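Notes for the structure review
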Amino acid sequence: MHILVVDDEPDIRTMLEVVLSAEGWAVDQAGSGEEGLESFRTSASDLVVLDHRMPGKTGWEVACQLIEEGCDAPIVLFSAYLDADLRTRAEAVGLTAVDKLDWHGLVETCRRFDRVRLQAHTPATG
């Protein structure tokens, strides 16, 4: 699976790359919402992990723009600033919200999406 990580904090991006790469996934990084949009448009990402609070475009704004552009990859908002309103809005448009303190939850979420992706690409037997 190919994951695009978008976060304005370089240390968080690096740690996410280490953690997600250890699971065997390829990881690309973008340091802003604008970079994330450009990277998504030019690469074949199977999953997008977005920080919410970033200068310029927020993760929510990037997610909405990706959806408007027809993105069919799952999008995860991974932020320390997930309040009830943002979670509700995210779920209403099909996003998954994971608290930034829950790295295990993020990895489990990625595993779930990877299983779904693999099942969709596995021919049925019978």
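Further up the page is the structure itself.
Notes on the structure in this doc start here. Each chain carries its own residue numbering, running from 1 in the direction its sequence is written. Side-chain atom pairs in this predicted model are given and counted only at pLDDT of 80 or more, local residue features only at pLDDT of at least 70, and totals for whole chains, interfaces and linings cover all residues. Side-chain numbers come from the whole structure's heavy atoms, not from hydrogens or water.

1. Some words on the nonpolar core
Generally speaking, a soluble globular protein has its nonpolar side chains buried in company with each other. What counts here: Take the buried Ala, Val, Leu, Ile, Met, Phe, Trp, Tyr and Cys residues and link them wherever side-chain atoms come within 4.5 Å; each set so joined is a nonpolar core. Each residue is assigned to one of three classes by its accessible area relative to the maximum for its type, calculated with a 1.4 Å probe on protein chains only: buried under 20%, partly exposed between the two thresholds, exposed over 50%. Numbering of helices and strands starts at the N terminus; helices are DSSP runs of H or I of at least 4 residues and strands are runs of E of at least 2. Note on definitions: a residue-residue contact is assigned when non-hydrogen atoms from the two residues lie within 4.5 Å.
The biggest cluster of nonpolar side chains holds 21 residues, and the ones touching the most others in it are F40, L50, L66, I75, L77 and L95. For this core, the secondary-structure elements that each account for two or more residues are β1 (2-6), α2 (33-42), β3 (47-50), α3 (59-68), β4 (75-79) and α4 (84-92). Among the elements that line this core, the one with the most residues is α3, at four residues. With near-sequence residues (within four places) excluded, L50 lies in contact with V6, G59, V62, A63, I75, V76, L77 and F78. Counting residues in hydrophobic clusters, the runner-up holds 17 residues, among them V76, V98, L106 and V107.

2. A short note on the pairing of strand β2 (residues 26-30)
Definition in use: What makes two strands pair is DSSP finding at least two bridges between them. The path from the first strand over the helix to the second decides the hand: if it runs clockwise while the strands point away from the viewer, the crossover is right-handed.
As paired strands, β1 and β2 are joined by five bridges and run parallel to one another. Note that in β2 the partner of L4 across the bridge is D28. Viewed along the sheet, the connection from β1 through helix α1 (residues 10-21) into β2 turns out right-handed.

3. Some thoughts on the side chain of R13
Note the cut-off: Counting rule applied: Lys, Arg positive; Asp, Glu negative; His and chain ends not counted. A carboxyl oxygen of Asp or Glu within 4 Å of a side-chain nitrogen of Lys or Arg is what we treat as a salt bridge.
Tracing the backbone through its elements, the reader meets R13 in helix α1. Despite its burial, R13 pairs with no opposite charge, the nearest such side chain being D7 at 5.7 Å. The contact partners of R13, leaving out residues within four places of it in the chain, are V5, D7, D8, Q29, A30 and G31.

4. Topic: the packing of α2 against α3
Just so we agree on the cut-off: Helix axes use the C-alpha atoms of the stretch in contact, all axes being lines fitted to C-alpha atoms, and the angles between their N-to-C directions lie in the range 0 to 180 degrees. Between 65 and 115 degrees an angle is taken as roughly perpendicular, under 35 as roughly parallel, over 145 as roughly antiparallel, and anywhere else as oblique. Note: crossing handedness is left-handed where the near helix turns anticlockwise from the far helix by less than a right angle, and right-handed where it turns clockwise. Nonpolar residues are Ala, Val, Leu, Ile, Met, Phe, Trp, Tyr, Cys and Pro. Charged residues are Asp, Glu, Lys and Arg, and all others, Gly as well, are polar.
Two elements in contact, α2 and α3, have axes separated by 9 Å at closest approach and are oriented at 25°. Judged by the inter-axis angle, α2 sits roughly parallel to α3. As α2 runs across α3, the sense of the crossing is right-handed. For the pair α2 and α3, contact is made by G33, L37, F40 and R41 and by V62, Q65 and L66, respectively. In terms of residue class, the contact of α2 with α3 is made up of four nonpolar, two polar and one charged.

5. What about the sheet that holds β1?
Taking strand neighbours across the sheet as the criterion, the five strands line up as β2-β1-β3-β4-β5 in an open arrangement whose pairing is parallel. Of all the strands in the sheet, just β2 and β5 (96-99) have a single pairing partner and so form its edges. Strand-to-strand, the axes of this sheet are offset by a mean angle of 20°, without reference to chain direction. Sitting on the sheet, α1 is in contact with β1, β2 and β4, with an inclination near 170° to β2. Taken strand by strand, α2 contacts β1, β2 and β3, and its axis lies near 160° from that of β1.

6. Digging into the environment of D72
With respect to the helices and strands, D72 occurs in the loop between α3 and β4. D72 sits 25 residues away from L47 along the chain, and the two C-alpha atoms are 9.0 Å apart.

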